[in-house]
Amino acid sequence: MRVRRLRLKNFRNFSETEINFANRLNIFIGENGQGKSNLLEAITLLILNDSFRYADNDNLIHFDETAANLDAQLENNGLDYHIKLQILKSRKHVTWNEKKVSHSSIRQKFSCVVFSPESLAFIKEASDERRFL
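Now for a look at the structure at hand. Note that the structure is predicted; figures quoted are calculated from it, not measured. (Residues numbered from 1 in each chain as written. Predicted model: local features only at pLDDT ≥ 70, side-chain atom pairs only at ≥ 80, totals over all residues. Heavy atoms only, no water.)

**Quick notes on the pairing of strand β5 (residues 92-96)**
Walk down a regular strand and you will see the side chains alternate between the two sheet faces.
So, point 1. Bridge analysis of strand β4 (residues 79-88) against β5 gives five bridges, and the strand direction is antiparallel. Note that in β5 the partner of Gln-86 across the bridge is His-93.
So, point 2. With antiparallel pairing between neighbouring strands as the criterion, β4 and β5 make up a hairpin whose turn holds three residues.
So, point 3. Here β5 pairs with strand β6 (residues 99-100) via two bridges, running antiparallel. The residue bridging Trp-96 from the neighbouring strand is Lys-99, located in β6.
So, point 4. Linking two consecutive strands that pair antiparallel, namely β5 and β6, is a turn of two residues; a positive phi of about 50 degrees is found at Asn-97 within it. (Pairing = 2+ DSSP bridges. Helix = DSSP H or I, 4+ residues; strand = E, 2+ residues; numbered from the N terminus.)

Geometry only, nothing functional implied.
The structure is reproduced here in structure tokens:
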């Protein structure tokens, strides 16, 4: 799977942005708090309907807005897919190629793995401490 394009509107610290990804490798560099992890979180939400960080829907929506919209163009095995996710304070709505679907159907088609700083605790911490993570 490859992410070709990602649009974010009112998501976390992004009021509106669009990123066109390179074919093979994309590197995000910036100071803390600029949104690098938020980009990864947006992709994770689109595929898994869940964040790798604790966040209820309200924390995903930019400041005083009522909804966040995530929109991605994906490629998988030579086919293009369009996934949209609308995050409201009380629920999420997802469409795949303009049709309303469940997130389980998206998870079956695409895979997503994220390693975050919090993930390293599973490796670094002592076995007794890992049991509580």
